[in-house]
Amino acid sequence: MTKLAIMGAMEEEIEPLLAYFNKVNIVEFANNKYYEVNYKGLNIVIAYSKIGKVHASLTALTMIEKFSCDTLLFSGVAGAVNPNLKVGDLIIADRLCQHDLDITAFGHPNGYVPGGKVFVETTKNLREVAKKVAVQNNLKVIEGTIATGDQFVHSIERKDFIQNTFKADALEMEGASVAVVCDALNVPFFILRAISDSADMDAGFDFDEFLKSSAKNSADYLIKIVEEL
Ligand code: ADE
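Residues numbered from 1 in each chain as written. Predicted model: local features only at pLDDT ≥ 70, side-chain atom pairs only at ≥ 80, totals over all residues. Heavy atoms only, no water.

> Let's hear about the overall build of the chain: which residues, and what values?
For the chain, the count of helices and strands is six helices and ten strands. Its C-alpha atoms give the chain a radius of gyration of 16 Å, near enough to 17 Å, the size a compact globule of 229 residues would have. Counting every position in the chain, which comprises 229 residues, the buried fraction comes to 52%. Taking the contacts inside the chain whose residues are at least 6 apart along the sequence as the reference set, 77% of them involve residues at least 24 apart. (Helix = DSSP H or I, 4+ residues; strand = E, 2+ residues; numbered from the N terminus. Rg over C-alpha atoms; globule rule 2.2 N^0.38 Å. Buried < 20%, exposed > 50% of the residue type's maximum accessible area, 1.4 Å probe, protein only. Contact = heavy atoms within 4.5 Å.)

See the structure below:
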């Protein structure tokens, strides 16, 4: 590995990561800022994409093609779908899907378009490193399915649809688009989230309340993983 990309979607998701580094070089490109750092001999580029699948795809592709990153890690927050996941808990995606991708009118399953696949799997050996780090640090982490869509989910109906259709454990707004980009370009990638809310009618309130603390949980664990790469 030569160059690592670390992404979040929101400024609050990368702030706790940037706090680990004292010397940062900022490069501006395509309406965004890319933070270059060197950490323990590793070249790292950090950026937040802005919310949603389109912004996340643009940032992931930029980090790979313009900045020549050869491994991508994502850190951020998610809404819980699995009832065992509580605020602050950590989830590693083993696969991701797009819950709002819908051409069912033509007989296709939800989340599928011709030439694509419903679920994109994340890179196994990065998950293995992460699980080893979790054991070493006594962290409770679950591995599961993350569903992505361009919607902040705050209703039981939508959450139930996502749970029933995709057997998702958590949901957010960027992961699957990053997965599609990395999978297409054969770039190993890893998606980590900490729970900020339960995607129910209290989700907006909970998100505002727990965004920062959950983003920090995710970032602190991610840095421990980086140290093992
Ligand atoms: N990220 C964190 N919580 C979320 C929610 N409820 N919906 C979509 N993305 C989220």
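Resuming the write-up.
> Any details on the side chain of Asn82? Residues and values, ideally.
Its place among the elements puts Asn82 in the loop between strand S5 (71-80) and strand S6 (90-98). From its side chain, Asn82 meets the backbone nitrogen of Asn84 in a polar contact 2.8 Å long. Sequence-distant contacts of Asn82, that is, excluding residues within four places in its chain, are made with Ile142, Ala168 and Asp169. (Polar contact = N/O pair within 3.5 Å; in protein donor to acceptor, adjacent residues only side chain to side chain.)

> Got a sec to walk through the packing of aromatic side chains? Specific residues and values, please.
If you walk through the whole model with that rule in mind, you get five aromatic pairs. Arranged with centres 6.4 Å apart and planes meeting at 85 degrees, the rings of Phe119 and Phe166 form a pair that is edge-to-face. Of the two residues, Phe119 is situated in the loop between S6 and strand S7 (120-121) and Phe166 in helix H4 (residues 156-166); the sequence distance between them amounts to 47 residues. Arranged with centres 6.4 Å apart and planes meeting at 85 degrees, the rings of Phe161 and Phe166 form a pair that is edge-to-face. Its relative accessible area of 26% is what places Phe161 among the partly exposed residues. The class of Phe166 is buried, set by a relative accessible area of 1%. Taken together, the ring pairs connect Phe119, Phe161 and Phe166 into an aromatic cluster. Here the basic side chain of Arg95 rests over the ring of Phe119, its NZ or CZ set 3.6 Å away from the ring centre. (Phe/Tyr/Trp six-rings, centres within 6.5 Å; stacked < 30°, edge-to-face > 60°. Lys NZ or Arg CZ within 6 Å of the ring centre and 35° of its normal.)

> If you had to explain the packing of helix H2 (residues 53-65) against helix H5 (residues 175-184) to someone new, which residues and values would you point to?
At their nearest, the axes of H2 and H5 sit 8 Å apart, and the two run at 35 degrees to each other. Once H2 is placed against H5, the crossing between them reads as right-handed. Residues Lys53, Ala56, Ser57, Ala60, Leu61 and Ile64 of H2 form the contact with H5, whose own contacting residues are Ser177, Val178, Val181 and Cys182. When grouped by side-chain class, the residues that make up the contact of H2 with H5 number seven nonpolar, two polar and one charged. (Axes fitted to C-alpha atoms, helices over the stretch in contact; angles between N-to-C directions. Left-handed = near helix turned anticlockwise from the far one by under 90°. Nonpolar A, V, L, I, M, F, W, Y, C, P; charged D, E, K, R; others polar.)

Any link to function would need more than the numbers given here.
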